[in-house]
Amino acid sequence: MILAVLEQSDGSLKKISAELAAAARRAQALLGADGVALLLIGADPAAVDAAMALDCDLCLTVQGEAFATYAAEAWAAAVVQAAKEVSAPLVLLGSTSFGRDLAPRVAGIMQAGLLADLGDLTVEDGRLVAERSVYSGKVIAKVASLSDVTVATVRPNAFSPAGAGTSPSQRRELEVAVDPATVHCRVREVRRQAATRPELTEASVVVAGGRGLKDPENFHLVEELADLLGAAVGTTRATVDAGWRPHSEQIGQTGKNIAPALYINVGISGAVQHISGVLGSRTIVSINRDAEAPIFKISDYGLVGDALEILPHLIDEVRRLG
Amino acid sequence: MQVVVLVKQVADTAARIKLADGKQDIDRQSASLIVNPYDEMAVEEALRIKEKHGATVCVVTLGEAKAEEALRTALAMGADEAARVTAPASDPLTVAKALAQAVRELGADIVIAGRSAADDEQGQVGAMVATELGWPHVTEVTKLELSGDAGVAEREVEGGVEVLDFSLPVVVTAQEGLNTPRYASLPGIMKAKRKEIRQIAVDGAALGQPVLETRSLELPPARAQGKILSGLEPAAAAKELVRILHEEAKLI
Ligand SMILES: Cc1cc2nc3c(=O)[nH]c(=O)nc-3n(C[C@H](O)[C@H](O)[C@H](O)COP(=O)(O)OP(=O)(O)OC[C@H]3O[C@@H](n4cnc5c(N)ncnc54)[C@H](O)[C@@H]3O)c2cc1C
Ligand SMILES: Nc1ncnc2c1ncn2[C@@H]1O[C@H](COP(=O)(O)O)[C@@H](O)[C@H]1O
């Protein structure tokens, strides 16, 4: 079976989990595998119910003190055991802060090829092959996994979330024995930021502002537009370096990769390091007063003009839509 | 304390990237080569550990002779020692095994790598080195504090910050926000030129078969020319954009 490692937060499944279930179904068809198994580690009962309701054949759960908080060594052991239990040819994780930390450890233990940060999956002469964006999006590499078991991290927003299954899935509790003496690193706490907006990497609309906004005060315009659209707020390294915005909002090579349906940016020049993080966006709308700004080369729609003059009107127009 | 920093020489993606004939690799001759930006942060963090706790900082690269330039840059920043690993390694797993072998030979209490290499953008090698050594790892670290044989690391996660406790030895990977790398000083550059670079050869038999293969590289298809509106009054421009997004593209 294809194995997908789900993610949860505060008792509910994260959006990536349903996307992973959908990716697993697709991989099942590609590989002719005999089903989809979802794995929940240290799960809250509510999250288990939500996972059982997803389109899958088997829901594996792992409980116990060793899994109370994230600890890569213990969690990797659980994933490896689950993969063996269902004879998984492919183990899927999210290309999220969690998946990026755990996947290479799982792949290392299993001596498996890790296809990182992929948006889709194909099979060529019996091998799993992924197209990956490399060199800051300037090159696309076709990478094949040569091992019997493959591990892959799936980009958020690349697959439409799976809906409910047609037949009820089974649940099985896995006993994973972890000697506490072999766990040398563990999450002590997670400091949550009060989330008033969707997460940047998960959002289906992102509004970002750059140094062209001139003053950190002017970001209230970006925030207002974002809130009207139910969007996440993003920015560039230039404003982060200037101390205008937090690094958690930075999009690009040294920040986050986004893949929304709509990416609206204002006062952003479009440096390669920024662009590499936004190429997954379906539609890109840019507002810049310089008609020659490189951002327009990748924009589906562009407005040449002063962002500080246009934004208030834009906010009014969007508000009028209701 | 012994700190090993893994540094990779990569093509500067701000410059032009050309593909080599055969499309298996980029044209390295025309590429401008730099130290992977995250690895500079890794070097900086090692130097701060040295300044605070006292340590020997050894920088290690796996690559061709030209990659020694990256080691010299790190030496000029203030690293004490450097080693170049040669091995028939091609994918993240075999590279990690070869680097882990070098770490065993050099000895280390902490290994610092970059979160990912700006060329292949795999983000795998650091955690794989840890797995190979049987050590814990923390990736994408934005804050690191050591005390005795333990430490605390912070990493950004979706919607918050994760705080982790670990014991040494450990592998951590540097994420933007950890620090701002220093520039090499002129005396540092002079001194770095004379430093000896240790050579470590790792035998192919110790690495096993690669598990990933790059089949081909392509330049991405150009995005279709978008619709650019200019010369409109701000109010008219905003109105037209919202009309397009609402009625034509049906995105809002
Ligand atoms: C190793 C490395 C990694 C990097 N990583 C990242 C990264 O992850 N993310 C990232 O974003 N950057 C990154 N950068 C920085 C990147 O190269 C650019 O410097 C940065 O993206 C520029 O930010 P900006 O567009 O906000 O500012 P600028 O480049 O200064 O652009 C401002 C734009 O605003 C326009 N403008 C000015 N006034 C107005 C107005 N009134 N109305 C409308 N438009 C206006 C200007 O025409 C200009 O195009 C990295 C750089 C390096 C070297
Ligand atoms: N050939 C190499 N030599 C030294 N360090 C490397 C090499 N390849 C990768 N690394 C280290 O591993 C990190 C992640 O690389 P990657 O997994 O290829 O994205 C880099 O930032 C380096 O610290």
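Thresholds applied
Residues numbered from 1 in each chain as written. Chains lettered and ligands numbered in written order. Predicted model: local features only at pLDDT ≥ 70, side-chain atom pairs only at ≥ 80, totals over all residues. Heavy atoms only, no water. Near = heavy atom within 4 Å. Polar contact = N/O pair within 3.5 Å; in protein donor to acceptor, adjacent residues only side chain to side chain. Areas by Shrake-Rupley, 256 points an atom, 1.4 Å probe, with all protein chains shown as cover. Salt bridge = Lys/Arg side-chain N within 4 Å of Asp/Glu carboxyl O. Helix = DSSP H or I, 4+ residues; strand = E, 2+ residues; numbered from the N terminus. Buried < 20%, exposed > 50% of the residue type's maximum accessible area, 1.4 Å probe, protein only. Domains from an automatic or database assignment. Buried area = accessible area lost by both parts, 1.4 Å probe. Nonpolar A, V, L, I, M, F, W, Y, C, P; charged D, E, K, R; others polar.

As a further point, take the site of ligand 1. Within the structure, ligand 1 sits among 26 residues, and Arg-211, Lys-214, Thr-236, Thr-254 and Ser-269 of chain A are positioned closest to it. Those chains with residues close to ligand 1 are chains A and B. At a separation of 3.1 Å, an oxygen atom of ligand 1 approaches a polar backbone atom of Arg-237 of chain A. Contacts to ligand 1 include Gly-267 of chain A, whose backbone N or O atom sits 3.2 Å from an oxygen atom. Relative to its free-state accessible area of 990 Å², ligand 1 is covered by the protein chains to the extent of 81%.

Tallying each qualifying case throughout the model produces 44 salt bridges over all chains. Residues Glu-224 of chain A and Arg-319 of chain A are paired through a salt bridge, measuring 3.4 Å at the closest nitrogen-oxygen approach. Placement of Glu-224 of chain A in helix α5 (residues 219–229) and of Arg-319 of chain A in helix α8 (residues 307–321) is noted, with a sequence separation of 95 residues between them. Under the relative-accessibility criterion, Arg-319 of chain A is labelled partly exposed at 43%. What you see here is one network of salt bridges that share partners, running through Arg-100 and Asp-101 of chain A together with Glu-140, Arg-155 and Glu-162 of chain B.

Moving on to the domain arrangement of chain A. Residue and element names in this part refer to chain A. Its domain assignment divides chain A into domain 1 (2–182) and domain 2 (200–321). Between domain 1 and domain 2, the C-alpha centre-to-centre distance is 32 Å. Across the domain 1/domain 2 interface, buried area totals approximately 780 Å², and carbon plus sulfur atoms make up 48% of it. Seen at the junction of domain 1 and domain 2, the total is 0 salt bridges. For the interface between domain 1 and domain 2, the tally reads 5 residue pairs in polar contact (both at pLDDT 80 or more). In terms of residue class, the side of domain 1 that touches domain 2 is made up of 1 nonpolar, 3 polar and 4 charged.

So, on to unusual backbone geometry. In this model, Leu-168 of chain B is joined to Pro-169 of chain B through a cis peptide bond whose omega is -5°. Positionally, Pro-169 of chain B belongs in the loop between β9 (160–167) and β10 (170–174). Phi at Ser-87 of chain A takes a positive value of approximately 50°, unusual for a residue other than glycine. Tracing the backbone shows Ser-87 of chain A in the loop between α3 (72–85) and β6 (90–94). Residue Ser-87 of chain A is classed as exposed on the basis of its relative accessible area of 58%. The backbone of Glu-140 of chain B shows a phi angle near 55°, a positive value even though the residue is not glycine. Tracing the chain through its elements places Glu-140 of chain B in strand β7 (residues 137–147). Since its relative accessible area comes to 5%, Glu-140 of chain B is described here as buried.

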